[in-house]
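Residue-level structure breakdown
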Amino acid sequence: LGTLFTAILAINAAIFGAPDDLIGADQFVPAGVLSGMIAYPLYVACVFMFSHRPTQIQRKLHKRKTAMENTEAIQKIRNDIERKSALRPDVDYSKIRSLPPIGKAPPGFGGTTLMALPPPAMPQLG
């Protein structure tokens, strides 16, 4: 609607900007009719253009059936990549022979912990 009013005012300004060329300066009604006849098709074109703009076709998601072997292989590779990027140890890291069993200290490490040392003595004051 603003387009229509702006077009009418612009055409009236063009008509009355050059008086006595198209219409006399005292003929207001013919100037309004002429500007309306020129501005209305422009208004209809703008309304049609913006109300009937093309829209994208909505694509439907087609689910494909995949073999479970492929899906499991992809999942295993994805988990391996995530584990390597997060710098996590292997899944069964507690079963590696170089590590001691959980809850038992390896031989040769019995008395070397800080808990086996006596507490520090307090300095003498005075």
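The structure contained in this document is the topic of the report that follows. (Residues numbered from 1 in each chain as written. Predicted model: local features only at pLDDT ≥ 70, side-chain atom pairs only at ≥ 80, totals over all residues. Heavy atoms only, no water.)

**Quick word on the packing of aromatic side chains**
Quick note on the threshold: Classification of ring pairs uses Phe, Tyr and Trp, with its six-membered ring standing for Trp, and accepts pairs whose centres are within 6.5 Å; under 30 degrees between planes counts as stacked, over 60 as edge-to-face, and the remaining range as tilted. Comment: elements are numbered from the N terminus, with helices defined as DSSP H or I runs of at least four residues and strands as E runs of at least two.
Under the counting rule described, the total for this entry stands at 1 aromatic pair. Ring centres 6.3 Å apart and planes at 40 degrees place the aromatic pair Tyr40 and Tyr43 in the tilted group. Placement of the pair is Tyr40 and Tyr43 together in helix H2 (residues 28-51), with a separation of 3 residues, close to one helical turn.

**Describing H2**
Under the convention used in this document: Expected helix span is taken as 1.5 Å per residue step, with the number of steps being one fewer than the number of residues. Bend at a residue means the angle formed by two fitted axes: the first through the 7 residues ending at that position, the second through the 7 residues beginning there. Each residue is assigned to one of three classes by its accessible area relative to the maximum for its type, calculated with a 1.4 Å probe on protein chains only: buried under 20%, partly exposed between the two thresholds, exposed over 50%. Any two residues whose heavy atoms approach within 4.5 Å at even a single point are treated as in contact.
For H2, with 24 residues, the first-to-last C-alpha span of 33 Å sits near the 34 Å given by 1.5 Å per residue. The largest bend in H2 is about 25 degrees, located at Ala39, with the proline Pro41 one to four residues further on. Residues Ala31, Ser35 and Ala39 constitute the buried set of H2. The elements touched by buried residues of H2 are helix H1 (2-17).

**Considering a nonpolar patch on the surface**
Defined as follows: Note that patches include only residues with greater than 30% relative accessible area and no salt bridge, and the join distances are 9 Å for like charges and 5 Å for nonpolar side chains (Val, Leu, Ile, Met, Phe, Trp, Tyr). Here the open area of atoms and residues is found with the Shrake-Rupley method and a 1.4 Å probe, where only the protein chains shown may cover a residue. Any carboxyl oxygen of Asp or Glu within 4 Å of a side-chain nitrogen of Lys or Arg constitutes a salt bridge here.
Together, Val29, Val33 and Met37 give the surface a local cluster of nonpolar side chains, amounting to about 320 Å² of exposed area. Residue placement: Met37 occurs in helix H2.

**Topic: the side chain of Ser35**
Note the following rule: Polar contacts, as used here, are pairs of N or O atoms within 3.5 Å; protein pairs need one atom able to donate a hydrogen and one able to accept it. Residues neighboring in sequence count only if both atoms are side-chain atoms.
Position of Ser35 among the secondary structure elements: in helix H2. At 2.9 Å, the side chain of Ser35 and the backbone oxygen of Gly32 are in polar contact. Residues in contact with Ser35, not counting those within four places in the same chain, are Ile8, Ile11 and Asn12.

**Points about the pattern of salt bridges**
Evaluated as defined, the whole model comprises 2 salt bridges. Residues Asp80 and Lys76 are paired through a salt bridge, measuring 3.9 Å at the closest nitrogen-oxygen approach. In this pair, Asp80 and Lys76 are both assigned in helix H3 (residues 68-85), 4 residues apart and thus about one turn of the helix distant. Among the residues examined, Asp80 registers a relative accessible area of 26% and is labelled partly exposed. Where salt bridges share partners, they join Lys76, Asp80 and Arg83 into one cluster.

**Let's talk about the packing of H1 against H2**
Defined as follows: Throughout, an axis means a line fitted to C-alpha atoms (over the contacting stretch in the case of helices), and angles, computed between N-to-C directions, take values from 0 to 180 degrees. Any angle that falls under 35 degrees is termed roughly parallel, while one over 145 is termed roughly antiparallel, one within 65 to 115 roughly perpendicular, and all others oblique. Crossings are sorted by hand: turned counterclockwise from the far helix by less than a right angle, the near helix makes the crossing left-handed, and turned clockwise it makes it right-handed. Here the term charged refers only to Asp, Glu, Lys and Arg, the term nonpolar to Ala, Val, Leu, Ile, Met, Phe, Trp, Tyr, Cys and Pro, and the term polar to all other amino acids, Gly among them.
The geometry of H1 relative to H2 is characterised by a closest axis approach of 8 Å and an angle of 140 degrees between their N-to-C directions. Taken together, the axes of H1 and H2 lie oblique to each other. Crossing of H1 against H2: the hand is right-handed. Packed against H1, whose contacting residues are Thr3, Leu4, Ala7, Ile8, Ile11, Asn12, Ile15 and Phe16, the element H2 presents Phe28, Ala31, Gly32, Leu34, Ser35, Gly36, Ile38, Ala39, Tyr40, Tyr43 and Cys46 at the interface. Residues that form the contact of H1 with H2 fall into these classes: 14 nonpolar, 5 polar and no charged.

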